[in-house]
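# Geometric and topological summary
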Amino acid sequence: MKIVGIAACTSGIAHTYIAKEKLVTAAKELGHEAFIETQGTIGTEDELTAQQIKDADVVIIAADIKVGGKDRFQGKRIVEVPTHIAIKSPKALLNKIEEEIKK
Amino acid sequence: MMVSDVLKSDRIALHLKSDTKESALKELTELLYKSGALTDKDAFLNDVLTRESISTTGIGNGIAIPHGKSANVLETTVAIGRCEKELEWESVDDKPVNFIVLLAVNENDRTGVHVKLLSQMARKLASEETCRRLVDAKTAEEITSIFSE
């Protein structure tokens with residue numbers, strides 16, 4: 001799968017970044033490709049490009065707050081989860097999404 | 001810009017005696033206060049506990065990352081504590097915690113390099129291997145060097 005996503009947590013200091021790392025690592029290990037943008041206290045980093053979004057099979061929003069720029073994903077399949085799900089079991093999350101997509 | 005700019009060895013305690021989450025957070029807050037990072041330790045602890053009540057900070061593998069973002073923080077920094085006893089703590093893997101990374105962020109430090117360093121430290125904690133090494137670390141220097149890799 002080609003995945004794009006956003007990670008954002010309540011205080012924007014820690015969970016955001018752990019969630020991103022976990023998703024990217026799990027994706028790599030499962031043979032997927034993932035680009036995750038972080039929206040934290042220090043602002044937006046690794047902002048998704050229009051091409052990355054266009055190519056993506058799915059959008060994962062791992063967030064505990066409202067994220068910015070969701071309009072970029074119009075027409076895309078979007079999965080929204082709290083950050084702790086991405087932190088707890090990123091592989092299970094990706095496997096479940098893959099299953100759903102194949103249906 | 002280096003992790004050692006925010007992670008000072010006098011803010012690392014490897015043998016915390018606390019046997020509850022609240023008491024461990026208090027011990028670490030004291031460590032931050034004594035080393036001049038806070039203006040008001042009670043207010044900071046209160047911020048941290050308020051954050052705790054919103055959602056779980058136990059990220060699994062025995063590690064928790066409580067944090068306080070407030071005007072009572074003079075210097076954006078971190079205190080690290082390892083407890084001799086395992087603490088009951090809301091955690092994503094439902095396991096107890098004995099390694100605490102307490103982040104203290106100055107509320108006005110929004111684009112600061114120090115917040116960025118803290119986020120880099122958090123990023124390291126996504127690796128289970130890194131978590132294991134931290135929990136097993138013998139010295140403060142070892143912990144600093146793992147975070148600096």
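Note that the structure is a prediction, hence the values are computed from the model and not measured. The residue count restarts for each chain, going from 1 along the sequence in the order it is written. Whichever chain is written first becomes A and whichever ligand is written first becomes 1, with later ones labelled in order. The predicted nature of this model means local features are confined to residues of pLDDT at least 70 and side-chain atom pairs, given and counted, to a pLDDT of 80 or more, with totals for whole chains, interfaces and linings taken over all residues.

### Points about the overall build of chain A
Filter applied, for reference: The way it works is that DSSP assigns letters per residue, a run of H or I at least four long becomes a helix, a run of E at least two long becomes a strand, and they are numbered from the N terminus. Between the two quantities, the radius of gyration covers C-alpha atoms and the globule rule is 2.2 Å times the number of residues to the power 0.38. Residue burial is a threshold on neighbouring C-beta atoms within 10 Å of the residue's own C-beta, all placed from the backbone, with 20 or more meaning buried, 12 or fewer meaning exposed, and counts in between meaning partly exposed. Think of it this way: build a C-beta for each residue from its backbone, and any pair within 7 Å is a contact.
Of regular secondary structure, chain A possesses 4 helices and 5 strands. Secondary structure of chain A in N-to-C order comes out as β-α-β-β-α-β-β-α-α. Against the globule reference of 13 Å for 103 residues, chain A gives a C-alpha radius of gyration of 12 Å, in line with a compact fold. Overall, the C-alpha framework of chain A stretches about 35 × 30 × 20 Å when taken along its three principal axes. Counting across all 103 residues of chain A, residues that qualify as buried make up 44%. Considering only intrachain contacts with a sequence separation of at least 6, the fraction spanning at least 24 residues in chain A is 63%.

### Observations concerning the overall build of chain B
Of the regular secondary structure elements, chain B holds 5 helices and 6 strands. Start at the N end of chain B and walk to the C end: the helices and strands fall as β-α-α-β-β-β-β-β-α-α-α. Against the 2.2 N^0.38 benchmark of 15 Å for 149 residues, chain B shows a C-alpha radius of gyration of 14 Å, consistent with a compact globule. For chain B, buried positions account for 44% of its 149 residues.

### Observations regarding unusual backbone geometry
Phi is mostly negative for residues that are not glycine, and the peptide bonds are mostly trans. Residues and elements named next belong to chain B. Here the phi dihedral of N61 falls at roughly 60 degrees; this positive angle occurs in a residue that is not glycine. Using a count of 20 C-beta atoms within 10 Å as the deciding quantity, one classes N61 as buried. The phi angle at D94 is positive, at roughly 60 degrees, despite the residue not being glycine. Assignment of secondary structure puts D94 in the loop between β5 (77-87) and β6 (97-106). Overall, the presence of 11 C-beta atoms within 10 Å leaves D94 in the exposed class.

### Quick notes on the packing of helix α1 (residues 21-34) of chain B against helix α2 (residues 41-54) of chain B
Residue and element names in this part refer to chain B. Applied cut-off: Lines fitted to C-alpha atoms define the axes here, with helix axes fitted over just the stretch in contact, and angles between the N-to-C directions of these axes take values from 0 to 180 degrees. We call two directions roughly parallel when the angle between them is under 35 degrees, roughly antiparallel when it is over 145, roughly perpendicular when it lies between 65 and 115, and oblique otherwise. Note: crossing handedness is left-handed where the near helix turns anticlockwise from the far helix by less than a right angle, and right-handed where it turns clockwise.
It is the contact of α1 with α2, at a shortest axis distance of 10 Å, that shows an interaxial angle of 135 degrees. The orientation of α1 relative to α2 falls into the category oblique. In this structure, the crossing between α1 and α2 has a hand that is right-handed. Contacts between α1 and α2 involve L25, K26, T29, E30 and Y33 on the former and, on the latter, K41, F44, L45 and V48.

### Details of the nonpolar core
Where we set the bar: For this analysis, nonpolar core means a set of buried Ala, Val, Leu, Ile, Met, Phe, Trp, Tyr and Cys residues linked through C-beta atoms within 7 Å.
Grouped together as the largest cluster of nonpolar side chains are 71 residues, with contacts concentrated most on L23(A), V78(B), L103(B), A104(B) and L118(B). With 8 residues, the single largest contributor to this core is β6(B). Discounting residues that sit within four places of it in the chain, L23(A) has contacts with G5(A), A34(A), I36(A), I60(A), A62(A), A86(A) and P90(A).

### Looking at the interface of chain A and chain B
Note the cut-off: Three classes are used: nonpolar for Ala, Val, Leu, Ile, Met, Phe, Trp, Tyr, Cys and Pro, charged for Asp, Glu, Lys and Arg, and polar for all others, with Gly counted as polar.
Contacts between chain A and chain B engage 17 residues on the former and 23 residues on the latter. Counting residues per element, the ones that place at least two in the side of chain A that touches chain B are α1 (15-29) and α3 (83-88) of chain A. Element by element, the count of residues in the side of chain A that touches chain B is highest for α1(A), at 5 residues. Considering only residue class, the side of chain A that touches chain B consists of 6 nonpolar, 7 polar and 4 charged.

### Quick word on the pairing of β6(B)
Residues and elements named next belong to chain B. Note the threshold: Two strands qualify as a pair provided that DSSP identifies no fewer than 2 bridges between them.
Of all 10 residues in β6, 8 are buried, a share of seventy percent or more. As paired strands, strand β3 (residues 63-64) and β6 are joined by 2 bridges and run parallel to one another. Paired with A64 across the two strands is I100, which belongs to β6. In this sheet, β6 lies alongside strand β4 (residues 67-70) in parallel orientation, the contact comprising 4 bridges. Among the inter-strand pairings, K69 is bridged to a residue of β6, identified as V105. Pairing between β5 and β6: 7 bridges, direction antiparallel. Paired with A79 across the two strands is L102, which belongs to β6.

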